[in-house]
Amino acid sequence: MTKGSPGSGPAADETASWLGIDSPIIRVLGAVVAPATALTAIFFYFGWSRAFWFYDYLGVDSTLLGLTTQDYVFLSVDGLFVPLVTAACVGLAVLVLRWARTRLGIRVTPAPRVLIPLMVTAGLLLFLNGVSRIFGETIFNRQLAVAPLSLAAGVLLLVYAPRLTQIARPRWVTILELATVLVLVGMSLFWAANDYSAAVGRSRAREFVSQLPRAPAVVVYSAHGLSLQHVPGIRRSRCGDPDSAYRFRYDGLKLVLRAGEQYLLVPADWSRAEGVALLLSQSDTLRFEFSPASARAATRPPSC
């Protein structure tokens, strides 16, 4: 930054000080998180998680669809919206409290001695509740994101409670505490966001299935028999025109996704109990016809 630029000078240094952005910790985090490749990797992972659980609900392995990095990053917006907004609100609240403490002269009074063991006890219980989820589900950790958030809150309480005693400690202890908080809390928040994106994927799949009757209808024409008439809900018709390039017609399908040269289809009356999903590759022997899910389109006689 050149001398005299708008972002330099005592005012800028003072602002950076009370915001806390001049600390070595923030500089280290900025050096790790700032690269676009790291952000892309994070968005890719959560987009993959959202897609995996969406298509898993339909009984399809998402890796078969050939989704691109751009597809996963796009899907991550749905799975990360609430976690990112929550994190932004918490960060804003911390900045406001720090500003109020610095500018308004608010002093933090020493915590009552009885509060410290209560914080340690609560932190230990929360920590154990979060860790217990690794070994199995209980009534206390099975809810969405409860286990990772319990682990993060427990670690923060266990680390913060001893600091209220105002007892001097070696520097290496402080560094070890900081490293523990960054690793455990960071992984816990990552775990919570992953749980949320998975829940979003399953929720979007259930919503998609409930709206299948209003989704556009798909008719598949094929030069050869595909044996789809054995799938519940799919109707096969033979084309009577001997000059037709397509001999068979299959009705009763809905489009889930087109990825590259592949079409993921499900029957119109698909159900999780007995429904199947179909993955057809585009070729010269297949033709796909799409139409609105109207009564007229649904009742018209089959033709080729």
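Preceding this section is the structure that the text describes.
Because the structure is a prediction, the values reported are computed rather than measured.

> Looking at this structure, how should I read the packing of helix α4 (residues 69-103) against helix α7 (residues 171-210)?
Between two packed helices, what matters for the description is the angle formed by their axes and the separation of those axes. Two elements in contact, α4 and α7, have axes separated by 8 Å at closest approach and are oriented at 130°. Relative to α7, α4 is oriented oblique. Relative to α7, α4 is oriented so that their crossing is right-handed. On α7, the residues touching Asp 78, Gly 79, Leu 80, Val 82 and Pro 83 of α4 are Ala 193, Tyr 196, Ser 197, Val 200 and Arg 204. Looking at the contact of α4 with α7 residue by residue, the class counts come to 6 nonpolar, 2 polar and 2 charged.

> Explain the side chain of Ser 62 to me, please; I cannot follow it from the model alone.
One can find Ser 62 in the loop between α3 (36-57) and α4. On the accessibility criterion, Ser 62 (1% relative accessible area) is buried. Residue contacts for Ser 62: discarding those within four places in its chain leaves Trp 48, Ala 51, Phe 52, Tyr 55 and Tyr 72.

> What exactly am I supposed to notice about the packing of aromatic side chains here?
The geometry of an aromatic ring pair is captured by the separation of the ring centres together with the interplanar angle, meaning the angle of the planes. Considering all chains together, one arrives at 13 aromatic pairs under this definition. Consider the rings of Phe 46 and Phe 190, whose centres lie 5.0 Å apart with planes at 50°: the pair is tilted. With Phe 46 in helix α3 and Phe 190 in helix α7, the pair connects residues that are 144 residues apart, well separated along the chain. Relative accessible area serves as the criterion here: at 3%, Phe 46 is assigned to the buried category. Here the aromatic rings of Phe 54 and Tyr 55 are separated by 4.8 Å at their centres, their planes lie at 80°, and the arrangement is edge-to-face.

> For this particular structure, what's the right way to read the packing of helix α5 (residues 115-135) against helix α6 (residues 146-163)?
α6 packs onto α5 with a crossing angle of 150° between their chain directions and a minimal axis gap of 7 Å. When the axes of α5 and α6 are compared, the pair comes out roughly antiparallel. As for the relative orientation of α5 and α6, their crossing is left-handed in sense. The segment α5 lies against α6, with Ile 116, Met 119, Val 120, Ala 122, Gly 123, Leu 124, Leu 126, Phe 127, Asn 129, Gly 130, Val 131 and Arg 133 engaging Val 146, Ala 147, Ser 150, Leu 151, Ala 153, Gly 154, Val 155, Leu 157, Leu 158, Tyr 160 and Ala 161. Among the residues making up the contact of α5 with α6, the classes are represented as 17 nonpolar, 5 polar and 1 charged.

> Looking at this structure, how should I read the side chain of Ser 150?
For Ser 150, the location among the structural elements is in helix α6. Looking at Ser 150, the relative accessible area reads 9%, which means it is buried. In this structure Ser 150 touches Leu 126, Phe 127, Asn 129 and Gly 130, once residues within four positions along its chain are discounted.

> Which parts of the structure should I look at to understand the nonpolar core?
If you look at the biggest cluster of nonpolar residues, it comprises 19 residues, and the most contacted ones within it are Tyr 55, Leu 58, Leu 65, Leu 67, Val 256 and Leu 257. Elements with a contribution of two residues or more to this core: α3, α4, α7, β3 (248-259) and β4 (262-267). Top contributing element to this core by residue count: α3, with 4 residues. In terms of nonpolar packing, the next biggest core, distinct from the first, is built from 14 residues, Val 218, Ile 234, Leu 265 and Phe 288 among them.

> Explain α6 here, please?
Along an α-helix, residues three or four apart share an orientation, since each turn contains 3.6 residues. The end-to-end C-alpha distance of α6 is 26 Å, a good match for the 26 Å that 18 residues give at a rise of 1.5 Å each. When we look at burial in α6, the residues that qualify are Ala 147, Pro 148, Ser 150, Leu 151, Ala 152, Gly 154, Val 155, Val 159 and Ala 161. On its buried face, α6 is in contact with α5 and α7.

> Please clarify how unusual backbone geometry should be interpreted in this entry.
Peptide bonds are mostly trans, and most non-glycine residues show a negative phi. You will see that Ala 145, though not glycine, has its phi angle at about 65°, which is positive. Structurally, Ala 145 can be placed in the loop between α5 and α6. A relative accessible area of 11% places Ala 145 in the buried class. Even without a glycine there, the phi angle at Ser 227 is positive, about 60°. Structurally, Ser 227 is set in the loop between β1 (217-222) and β2 (235-238). Relative accessible area serves as the criterion here: at 47%, Ser 227 is assigned to the partly exposed category.

Rules and cut-offs
The residue numbering used here restarts from 1 in each chain and proceeds along that chain's sequence as written. In keeping with the predicted nature of the model, local features appear solely for residues at pLDDT of at least 70, side-chain atom pairs appear and are counted solely at 80 or more, and the whole-chain, interface and lining totals rest on all residues. Excluding hydrogens and water, the side-chain values take into account all heavy atoms of the structure. Convention adopted: a line fitted to C-alpha atoms gives each axis, helices being fitted over their contacting stretch, and angles between N-to-C directions are expressed from 0 to 180 degrees. Strands are runs of DSSP state E lasting at least 2 residues, helices are runs of H or I lasting at least 4, and numbering of each runs from the N terminus. Orientation categories follow fixed angle ranges, with anything under 35 degrees roughly parallel, anything over 145 roughly antiparallel, 65 to 115 roughly perpendicular, and all other angles oblique. Here is the rule for handedness: rotate from the far helix to the near one, and if that takes an anticlockwise turn smaller than a right angle the crossing is left-handed, while a clockwise turn gives right-handed. Here, residues are in contact when the closest pair of their heavy atoms is within 4.5 Å. Note on residue categories: nonpolar means Ala, Val, Leu, Ile, Met, Phe, Trp, Tyr, Cys or Pro, charged means Asp, Glu, Lys or Arg, and polar means any other residue, Gly included. Working definition: with a 1.4 Å probe on protein chains only, accessible area under 20% of the residue-type maximum means buried, over 50% means exposed, and in between means partly exposed. Two rings belonging to Phe, Tyr or Trp (six-membered ring only in the last case) form a pair when the distance between their centres is within 6.5 Å. Interplanar angles under 30 degrees mark stacking, angles over 60 mark edge-to-face geometry, and anything in between is tilted. The criterion is simple. A nonpolar core is a set of buried Ala, Val, Leu, Ile, Met, Phe, Trp, Tyr and Cys residues joined through side-chain atoms within 4.5 Å. The span one expects for a helix is its residue count, reduced by one, times 1.5 Å.

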